[in-house]
Amino acid sequence: MAGIERPGPLYQQVAAAIRQGIANGEFPPGAPLPSEAQLIERYEVSRPTVRNAIAALRSEGLIEVRHGKGSFVKGTPTPPLTIERTITRTGKTFAPNHTPWEQAHEPTVYRTETTATSGPLLELGEGETLFGVDRVLIDPATGTRALHRVLIPFTTAENTPRLADAPDTAPEEIYTALTAAGHKLTWSETVRARMPQADERSALQLPNATPVIHTMRVTHGTDHQPLILEELRANGSQAQLAYRITADSPRALRAVRN
């Protein structure tokens, strides 16, 4: 069978071959796919197999079917929401220059522990106690949803007036409190794209086969000591991140230095 050598159900093999054609540019964005008859001949399969393969690719968001015209490779439009990740400071006030999010509901505050991922970022061992604060955010202009989490080590909360009693303080106000406690703040951030977990897919209302953008921002104090960790997760097909990078910043993805 032409172009098909992978194991698995036949329609998945056809879908994989077409997917590869999209990835390598044989079928570019906006271009029509070969007709059903051409795909049947090309891959030497039945019409139901081709239709099931097209349905699978459509559910993944790779193609669209236009009535009376056939199947077309979807383009790659600019994401409708730009999330500004730069932090600015005016006097004692900090302002993250991001979308004016609306909160879907009140923040959820809980106790948790460091993991194999969060522990190294906070320079703590696995199993150390933290405050966790989760927020579900909605961009009012586009309806794009995001999940924001703040992880605050107990040592940071104990040494920072207000945080021990109110860990759900807004991030920009946490920065102000940390500065008032004597810290000179800097930030580092990592960004990755990955497929969502089931709870993330539900909370973000993601279509099938849609990745999430996952950022992890550490606020550092004096001597680059990690103080808090923030995570932001958003629809990877509906959002893009923007940064202002300064020439004197030692890290490429660091926000504005205090």
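Residues numbered from 1 in each chain as written. Predicted model: local features only at pLDDT ≥ 70, side-chain atom pairs only at ≥ 80, totals over all residues. Heavy atoms only, no water.

Caption draft 1: Quick look at the packing of helix α1 (residues 10-23) against helix α3 (residues 47-59). Contact pair α1 / α3: the axes reach a minimum separation of 8 Å and the direction vectors enclose 55 degrees. Overall, the two elements α1 and α3 adopt an arrangement that is oblique. The handedness of the crossing between α1 and α3 is right-handed. Contacts between α1 and α3 pair Leu10, Tyr11, Val14, Ala15, Ile18 and Arg19 from the former with Thr49, Asn52, Ala53, Ile54, Ala56 and Leu57 from the latter. (Axes fitted to C-alpha atoms, helices over the stretch in contact; angles between N-to-C directions. Helix = DSSP H or I, 4+ residues; strand = E, 2+ residues; numbered from the N terminus. Parallel < 35°, antiparallel > 145°, perpendicular 65-115°, else oblique. Left-handed = near helix turned anticlockwise from the far one by under 90°. Contact = heavy atoms within 4.5 Å.)

Caption draft 2: Seen up close, the packing of aromatic side chains. The full count for this structure, using the stated rule, is 4 aromatic pairs. A centroid spacing of 4.7 Å and a plane angle of 35 degrees characterise the contact between Phe131 and Phe154, whose relative ring orientation is tilted. On the criterion of sequence distance, the pair formed by Phe131 in strand β8 (residues 129-138) and Phe154 in helix α5 (residues 154-158) is long-range, its members being 23 residues apart. On the basis of relative accessibility, which here comes to 12%, the residue Phe131 falls in the buried class. With relative accessibility at 21%, the residue Phe154 sits in the partly exposed group. An angle of 70 degrees between the planes, with centres 5.2 Å apart, marks the rings of Tyr175 and Trp187 as edge-to-face. In this pair, Tyr175 is assigned in helix α6 (residues 171-180) and Trp187 in strand β10 (residues 186-194), connecting sequence segments 12 residues apart. (Phe/Tyr/Trp six-rings, centres within 6.5 Å; stacked < 30°, edge-to-face > 60°. Buried < 20%, exposed > 50% of the residue type's maximum accessible area, 1.4 Å probe, protein only.)

Caption draft 3: The arrangement of the pairing of strand β9 (residues 145-153) in detail. For β9, a buried count of 8 out of 9 residues is recorded, marking the element as mostly surrounded by other parts of the structure. What sits between the antiparallel neighbours β8 and β9 is a turn of 6 residues, in which Gly143 has the positive phi angle 80 degrees. With 6 bridges connecting them, β9 and strand β12 (residues 226-235) associate as antiparallel partners. Counted as the bridge partner of Val150 is Glu230 from β12. (Pairing = 2+ DSSP bridges.)

Caption draft 4: Region of the structure containing unusual backbone geometry. The phi angle at Gln205 is positive, at roughly 55 degrees, despite the residue not being glycine. Secondary-structure assignment places Gln205 in the loop between α7 (198-204) and β11 (212-220). The phi dihedral of Asp223 falls on the positive side, at around 60 degrees, and the residue is not glycine. Note on placement: Asp223 falls in the loop between β11 and β12. Asp223 sits in the exposed class, given a relative accessible area of 76%.

Caption draft 5: Representation of the pattern of salt bridges. As enumerated under the stated definition, the model contains 10 salt bridges in all. Residue Glu64 is joined to Arg66 by a salt bridge in which the shortest nitrogen-to-oxygen separation is 3.1 Å. In this structure Arg66 comes out as partly exposed when scored by relative accessible area, which is 33%. Glu200 is paired through a salt bridge with Arg233; the nearest N and O atoms lie 3.0 Å apart. Separated by 33 residues along the polypeptide, Glu200 in helix α7 and Arg233 in strand β12 bring together distant segments of the chain. Each member of the pair Glu200 and Arg233 is classed as buried. Each of the salt bridges in this network shares a partner with another, and the network as a whole consists of Glu36, Arg47 and Arg51. (Salt bridge = Lys/Arg side-chain N within 4 Å of Asp/Glu carboxyl O.)

Caption draft 6: Region of interest: the environment of Leu163. Looking at the element boundaries, Leu163 is found in the loop between α5 and α6. Take Leu163: its relative accessible area is 0%, and that puts it in the buried class. Residues Leu163 and Phe131 lie 32 residues apart in sequence; the distance between their C-alpha atoms is 9.5 Å. Apart from the residues lying within four places of it in its own chain, the contact partners of Leu163 are Ile152, Thr156, Ala157, Thr169 and Ile174.

Caption draft 7: Quick look at the nonpolar core. In this structure, Ile18, Leu33, Tyr43 and Ile54 are the most contacted members of the largest nonpolar core, which totals 17 residues. Put simply, the parts of the chain that give this core at least two residues each are α1, α2 (36-43) and α3. Considering every element that reaches this core, the biggest residue donor is α1, with 5 residues. Grouped together as the second largest cluster of nonpolar side chains are 15 residues, Phe94, Val133, Leu185 and Leu227 included. (Core = buried A, V, L, I, M, F, W, Y, C linked by side-chain atoms within 4.5 Å.)

Caption draft 8: How the structure looks around the confidence of the model for the chain. Overall, the prediction assigns the chain a mean pLDDT of 87, with 90% of residues at 70 or greater. Across residues 250-258 the pLDDT falls below 50, and counting only partners more than four positions away or on other chains, this stretch makes 30 contacts in the model. (pLDDT = per-residue confidence, 0-100.)

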